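Next come the chains, spelled out residue by residue.
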Amino acid sequence: MKILMIGDIVGKGGRRALRHLVPELRRHYQCHFCVANGENMAGGNGFTKLCLQEMENSGVDVFTGGDHMWDQKDFMTEIGSLTNVLRPANLPDCQPGRGWGVFTARDGSPVAVMSLLGRTFMAAGADCPFAAAERLLPEIRQHTPVVVIDFHAEATSEKIALGRYFDGKVSAVVGTHTHVATADQQIFPGGTAFQCDLGMVGARESILGRDIAPVLSRFRTGLPARFTVNDRGPRLSGAVVTVSAAGRAEGIERVMRDLR
Ligand SMILES: [Fe+2]
Ligand SMILES: [Fe+2]
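Summarised in this report is the structure supplied together with it. As the structure is a computational prediction, the values presented were derived from the model and not from experiment.

**Overview of the environment of V35**
Of note, V35 is situated in strand β3 (residues 33–37). Overall, the presence of 29 C-beta atoms within 10 Å leaves V35 in the buried class. Through-space distance from the C-alpha of V35 to that of G190 is 23 Å; in sequence the pair is 155 residues apart.

So this is what it looks like as structure tokens:
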């Protein structure tokens, strides 16, 4: 099975790129399933039901979350009626939504997806991602051996550590959050595909999807500035992971496409 995994979708430009590029990428790579991180899809901050409805025919099967999960306050209510959105599984149990799900790929086989949040250099109040995934995996693996994790985290070390820890126990661990794709895609010895960060679906001429000038100004002056989203000239970054029926990764290839 081939699974297309995509980094953080940023704003309107990111959503437009997704709608135009994912169907073509799915065809080109003959993907059976697609996961994308949606935490910046609503104007750069969080999710809305409306944005997700706009993505209905994009070819993305599941949207994963991150530290901006609840930036849009209505989404705490809206998530209850949505079956294709995951919030990080290691957020406190009292939070709405669910952290993992089993979905059906285009070839009819089940795929489990888990969303996890890092703790190093992050302030979202998540529980230990290692412990959370370890607790959940036995139940998840009863449904299917094909399990992919989106580990939304800042530190490369934390991401590699989690990938190594679950090597042989899941099909793929891919990172999101930094908006910068890394070139370290590999298959670990136990058969888990890994990439530190998938990158983003956001403007090429930007700083992490935001307009360059206010970010520069903030760095140079230390004064507050509104980080406006740049919706022009988006690029999609992600990876295609090939997984055997037994859940073992057989390949991982980075993908990058510009919307012209
Ligand atoms: Fe992000
Ligand atoms: Fe994030």
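**Looking at helix α1 (residues 11–29)**
Helical geometry: 3.6 residues make up each α-helical turn, so side chains three or four residues apart lie on a common side. The end-to-end C-alpha distance of α1 is 25 Å, a good match for the 27 Å that 19 residues give at a rise of 1.5 Å each. Maximal helix bending in α1 amounts to about 35°, located at L21; proline P23 follows within four positions. G11, G13, G14, R15, A17, L18, L21, V22, L25 and R26 are the residues of α1 that are buried. Q30, located one to two residues past α1, shows a positive phi value of around 50°.

**Points about helix α5 (residues 156–165)**
For α5, the set of buried residues is E158, K159, L162 and G163. Around the axis of α5, the buried residues are gathered within 135° of arc, so they sit on the same side. On its buried face, α5 is in contact with α4 (129–143), β7 (147–152), β8 (172–176) and β10 (193–195).

Calculation notes
- By convention here, each chain's residues receive numbers from 1 onward along its written sequence.
- The lettering of chains begins at A and the numbering of ligands begins at 1, in the order of writing.
- The predicted origin of the model limits local features to residues at a pLDDT of at least 70 and limits the giving and counting of side-chain atom pairs to 80 or more, whereas totals for whole chains, interfaces and linings rest on all residues.
- The helix and strand labels rest on DSSP assignments: H or I over at least four residues marks a helix, E over at least two residues marks a strand, and numbering proceeds from the N terminus.
- Every C-beta atom is placed from the backbone, and the number of other C-beta atoms within 10 Å of a residue's own sets its class: buried at 20 or more, exposed at 12 or fewer, partly exposed in between.
- What a helix is expected to span follows from its residue count: subtract one and scale by 1.5 Å.
- Fitting one axis to the seven residues ending at a residue and another to the seven starting there, the bend at that residue is the angle between the two axes.
- As used here, the arc belongs to the directions running from the helix axis to the C-beta atoms.
- Here contacts are defined at the residue level, using C-beta atoms placed from the backbone and a cut-off of 7 Å between them.

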